[in-house]
Amino acid sequence: MPTSCLDSTTAEARALAALDVPRMVADLQRLVREPSVTGAEGSVVALLATMGDALGLHGEVVEHDLATLRAHPEHPGEEAPRASLVHADVVLRGADPGAPRLCLNGHVDVVPEGSEPWAQGAWSGAIVDGALH
């Protein structure tokens with residue numbers, strides 16, 4: 001049964017009040033400051049796993065078998081050369097294996113910073129006018 005708008009608003013307010021915004025910003029700055037150009041994103045993946053561990057989660061770096069992936073008939077190809085492919089699994093283990101689950105998926109690789117000058121630097125993590133660069 002759906003919750004009422006009031007219940008939803010109250011739950012949202014409680015969730016927002018529980019956020020540690022300064023810590024979130026500091027964590028995002030750490031991640032932005034870790035170079036993660038496509039094909040060389042291993043260090044930021046390791047950082048994500050470490051940060052998960054520090055939060056009491058289970059963080060693990062998983063390395064994929066590139067030869068097997070490349071040999072698959074539906075392999076879409078690669079946008080940049082790479083010698084390895086890794087990802088971070090960061091998991092909050094629950095007591096009930098049959099409980100509903102939530103999976104968030106994202107990517108941490110970026111294109112090279114190029115030759116044009118940056119006002120803040122590609123890996124600065126600077127906060128200017130309320131925006132993280």
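My aim in this report is to walk through the structure given alongside it, one point at a time. From a predicted model like this one, the values you see are computed outputs, not experimental measurements.

About the cut-offs
Residues numbered from 1 in each chain as written. Predicted model: local features only at pLDDT ≥ 70, side-chain atom pairs only at ≥ 80, totals over all residues. Heavy atoms only, no water. Helix = DSSP H or I, 4+ residues; strand = E, 2+ residues; numbered from the N terminus. Rg over C-alpha atoms; globule rule 2.2 N^0.38 Å. Buried < 20%, exposed > 50% of the residue type's maximum accessible area, 1.4 Å probe, protein only. Contact = heavy atoms within 4.5 Å. Areas by Shrake-Rupley, 256 points an atom, 1.4 Å probe, with all protein chains shown as cover. Lys, Arg positive; Asp, Glu negative; His and termini not counted. Charge placed at Lys NZ, Arg CZ, Asp CG, Glu CD. Patch = residues over 30% accessible without salt bridge, like charges linked within 9 Å, V, L, I, M, F, W, Y side chains within 5 Å. Salt bridge = Lys/Arg side-chain N within 4 Å of Asp/Glu carboxyl O. Axes fitted to C-alpha atoms, helices over the stretch in contact; angles between N-to-C directions. Parallel < 35°, antiparallel > 145°, perpendicular 65-115°, else oblique. Left-handed = near helix turned anticlockwise from the far one by under 90°. Nonpolar A, V, L, I, M, F, W, Y, C, P; charged D, E, K, R; others polar.

## A word on the overall build of the protein
A tally of regular secondary structure across the protein gives four helices and four strands. Overall, the protein shows an N-to-C arrangement of helices and strands of α-α-α-β-α-β-β-β. A globule of 133 residues ought to have a C-alpha radius of gyration of about 14 Å, yet the protein, at 19 Å, is considerably larger. Dimensions of the protein along its principal axes, counting C-alpha atoms only, are 50 × 45 × 30 Å. Relative to its 133 residues, the protein shows a buried fraction of 14%. Restricting the contact set of the protein to residue pairs at least 6 apart, pairs at least 24 apart contribute 62%. Of the accessible surface of the protein, which amounts to about 10,100 Å², a share of 60% is contributed by carbon and sulfur atoms. Where the 8 positive side-chain charges of the protein centre and where its 19 negative ones centre are 6 Å apart.

## Some details on a nonpolar patch on the surface
On the surface, Leu-16, Leu-19, Val-21 and Met-24 cluster together to form a nonpolar patch covering roughly 360 Å² of accessible area. Positionally, Met-24 belongs in helix H2 (residues 21-32).

## With respect to the packing of H2 against helix H3 (residues 42-54)
Where H2 meets H3, the closest approach of the two axes is 10 Å, and the angle between their N-to-C directions is 155°. By the criterion of interaxial angle, the relationship of H2 to H3 is roughly antiparallel. Between H2 and H3 the crossing geometry is right-handed. Across the interface between the two elements, Asp-27, Arg-30 and Leu-31 from H2 touch Val-44, Leu-47, Leu-48 and Met-51 from H3. Here the residues of the contact of H2 with H3 are counted per class, giving five nonpolar, no polar and two charged.

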